[in-house]
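Each chain is listed here by its residues.
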Amino acid sequence: NAGVTQTPKFRVLKTGQSMTLLCAQDMNHEYMYWYRQDPGMGLRLIHYSVGEGTTAKGEVPDGYNVSRLKKQNFLLGLESAAPSQTSVYFCASSYSLEKGITEAFFGQGTRLTVV
Amino acid sequence: DQQVKQNSPSLSVQEGRISILNCDYTNSMFDYFLWYKKYPAEGPTFLISISSIKDKNEDGRFTVFLNKSAKHLSLHIVPSQPGDSAVYFCAASAFDNDMRFGAGTRLTVKP
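Quick look at the structure, then. (Residues numbered from 1 in each chain as written. Chains lettered and ligands numbered in written order. Predicted model: local features only at pLDDT ≥ 70, side-chain atom pairs only at ≥ 80, totals over all residues. Heavy atoms only, no water.)

**So, the environment of Val115(A)**
Residues and elements named next belong to chain A.
Working step 1: Structurally, Val115 is set in the segment after β11 (110-114).
Working step 2: Note: C-alpha distance between Val115 and Ala81 (34 residues apart in sequence) is 9.0 Å.
Working step 3: Beyond its immediate chain neighbours, meaning those up to four positions away, Val115 contacts Val12, Leu13, Lys14 and Thr15. (Helix = DSSP H or I, 4+ residues; strand = E, 2+ residues; numbered from the N terminus. Contact = heavy atoms within 4.5 Å.)

Okay, structure coming up:
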């Protein structure tokens, strides 16, 4: 049972480069999230999705785009990377509140460095 | 705006004593509150949750208390063990499951 899998685990980008982070979950969860973790800032929500084909902005969406073409996958894109986007990125997924189960399961994280 | 706040960056307690971690929130629309535990180089893992219709939820050594009027919740760990040493995040979820996290509190349990 893989749970939530993030690809890649590590990446170094040059300023201005683009990349896509992939998140895959095998628990048939409706909701998926992308967070970034920075020292002293905790986990800040970038974008989230409440179902296939839907996305919404979180607290810090600028500079990122997302897509949820398939229920099990949630992609996070950086079109033109900036040093301020150096962070650890976490993907998470959960059932919808309608099912009464709200805990989210997290991936192992992607450490991104933009130089 | 930070809707979930953990004002204590760190806490140190002796093994066997009680650990109390605090969390405050500003959004009265939050329906569920959760605590997550995080070890270095790993993703957060769920610890315990509470619905806004309750004021207490207990699971073994872990108890979460919710004071809606004060917009405050706390996590009690009794007795604390060295393996509990980790960063603890408070999180809150609104009806559309937009889940927000606090900055975290690093708990150190000394043997």
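Additional details are given in the paragraphs that follow.
**Focus on the interface of chain B and chain A**
Working step 1: Listed as interface residues are 22 residues of chain B and, on the opposing side, 23 residues of chain A.
Working step 2: Between chain B and chain A, the buried area comes to about 1,800 Å², and carbon and sulfur atoms account for 58% of it.
Working step 3: Linking chain B to chain A there are 1 salt bridge.
Working step 4: A salt bridge links Glu59(A) to Arg100(B); the shortest N-O distance between them is 3.7 Å.
Working step 5: The tally of links from chain B across to chain A stands at 2 residue pairs in polar contact (both at pLDDT 80 or more). (Buried area = accessible area lost by both parts, 1.4 Å probe. Salt bridge = Lys/Arg side-chain N within 4 Å of Asp/Glu carboxyl O. Polar contact = N/O pair within 3.5 Å; in protein donor to acceptor, adjacent residues only side chain to side chain.)

**Some thoughts on the packing of aromatic side chains**
Working step 1: One pass over the structure, following the stated rule, counts 13 aromatic pairs over all chains.
Working step 2: Relative to Tyr36(B), the ring of Phe106(A) has its centre 5.6 Å away and its plane inclined at 80°; by these criteria the two rings are edge-to-face. Residue Phe106(A) is found in strand β10 (residues 105-106), and its partner Tyr36(B) is found in strand β4 (residues 32-38); the two belong to separate chains. Each member of the pair, Phe106(A) as well as Tyr36(B), carries the same accessibility label: buried.
Working step 3: Ring centres of Phe30(B) and Phe33(B) lie 6.3 Å apart, and the angle between their planes is 80°; on these two criteria the pair is classed as edge-to-face.
Working step 4: Its relative accessible area of 4% is what places Phe30(B) among the buried residues.
Working step 5: One aromatic cluster is present, formed by Tyr33(A), Tyr35(A), Phe90(A), Phe106(A), Tyr36(B), Phe46(B), Phe89(B) and Phe101(B) through successive ring pairs. (Phe/Tyr/Trp six-rings, centres within 6.5 Å; stacked < 30°, edge-to-face > 60°. Buried < 20%, exposed > 50% of the residue type's maximum accessible area, 1.4 Å probe, protein only.)

**Quick word on the pattern of salt bridges**
Residues and elements named next belong to chain A.
Working step 1: Evaluated as defined, the whole model comprises 4 salt bridges over all chains.
Working step 2: Measuring nitrogen to oxygen at the nearest pair gives 2.8 Å for the salt bridge that ties Arg36 to Asp38.
Working step 3: Taking relative accessible area as the criterion, Arg36 reaches 8% and is therefore assigned buried.
Working step 4: Among the residues examined, Asp38 registers a relative accessible area of 12% and is labelled buried.

On their own, these measurements won't tell you what the molecule is for.
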